[in-house]
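A look at the structure
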Amino acid sequence: MIIVLNGYPGVGKLTTGRVLADILGGKLLDIHTVYNVAFALTEFKTPEYREAVERVEEIAHGLVLKLPAGIPVVLTTVIAGDGEWGNAEWKRLEDLGAERPPFCVIHLSCDLEENIRRIGDPGRDGMRKPRDPDMARRNQEQARPLAGLAARHLLKLDTTGLSAQASAQRIADWIDGL
């Protein structure tokens, strides 16, 4: 089972993903684990950056495929809109999901006030996460549709006012009902 938590920065993907992986007895592969190698060693959005992300992702996906079939894997990402890079990245996730079904997509969101509060948390610095409240405003005002709208198993979850535990439990309950 592949479970993709897709949402804009500051909606609770990583925090919820950690709790969800624990509830399900699964593994967590968050976007920052994959991207931080590229952030640390290349310039953002250069060909070298994209190559680094793809190579780390290839290694990670290979390791996911070696896990016993009964171990669910929770992945976090933010893929939205219709662009070459995002479409290719989403296709790699769909391919991974096809090899470890079911492929479950959860779109996480929260209201603007909550998003600004969360994105401003100083604890985000340790993972090289963005902390700009204007980013939250832009994302909410100009939001492009999140990837995965056509997924067979899609859950949209507004995490406003929900703890990570409550969000993860709602997702786990939904998965149990599949």
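Just so it is clear, the structure is predicted and the values come from calculations on it, not from any experiment.

This part covers the sheet that holds strand β1 (residues 2-6). Strand pairing in a sheet takes place through backbone hydrogen bonds and is either antiparallel or parallel in direction. Here we have 5 strands laid out as an open sheet, ordered β2-β3-β1-β4-β5, and parallel in their pairing. Edge strands, defined here as strands with exactly one partner in the open sheet, are β2 (27-29) and β5 (153-158). Taking each pair of neighbouring strands and ignoring which way they run, the sheet shows an average axis angle of 20°. Judged from the 5 bridges that link them, β1 and strand β4 (residues 103-109) form a sheet pairing that is parallel. Residue L5 lies in a different strand from β4, and its bridge partner there is I106. Against the sheet, helix α1 (residues 13-24) engages β1, β2, β3 (73-77) and β4, with an angle of about 160° to β1.

Applying the stated rule across the entire model yields 6 aromatic pairs. With a centroid separation of 5.6 Å and an interplanar angle of 45°, the aromatic rings of F39 and Y49 are classed as tilted. With a gap of 10 residues between them, F39 in helix α2 (residues 31-41) and Y49 in helix α3 (residues 47-66) connect regions that are remote in the sequence. The exposure class assigned to F39 is partly exposed, which follows from its relative accessible area of 32%. Feature note: the residues Y35, F39, F44 and Y49 constitute an aromatic cluster, connected by ring pairs. In this arrangement the basic side chain of R92 is found over the ring face of W85, its NZ or CZ atom lying 5.7 Å from the centre.

Reading the values: the criteria
- Residues numbered from 1 in each chain as written.
- Predicted model: local features only at pLDDT ≥ 70, side-chain atom pairs only at ≥ 80, totals over all residues.
- Heavy atoms only, no water.
- Pairing = 2+ DSSP bridges.
- Helix = DSSP H or I, 4+ residues; strand = E, 2+ residues; numbered from the N terminus.
- Axes fitted to C-alpha atoms, helices over the stretch in contact; angles between N-to-C directions.
- Contact = heavy atoms within 4.5 Å.
- Phe/Tyr/Trp six-rings, centres within 6.5 Å; stacked < 30°, edge-to-face > 60°.
- Buried < 20%, exposed > 50% of the residue type's maximum accessible area, 1.4 Å probe, protein only.
- Lys NZ or Arg CZ within 6 Å of the ring centre and 35° of its normal.

Function cannot be read off these values alone, since they describe shape.
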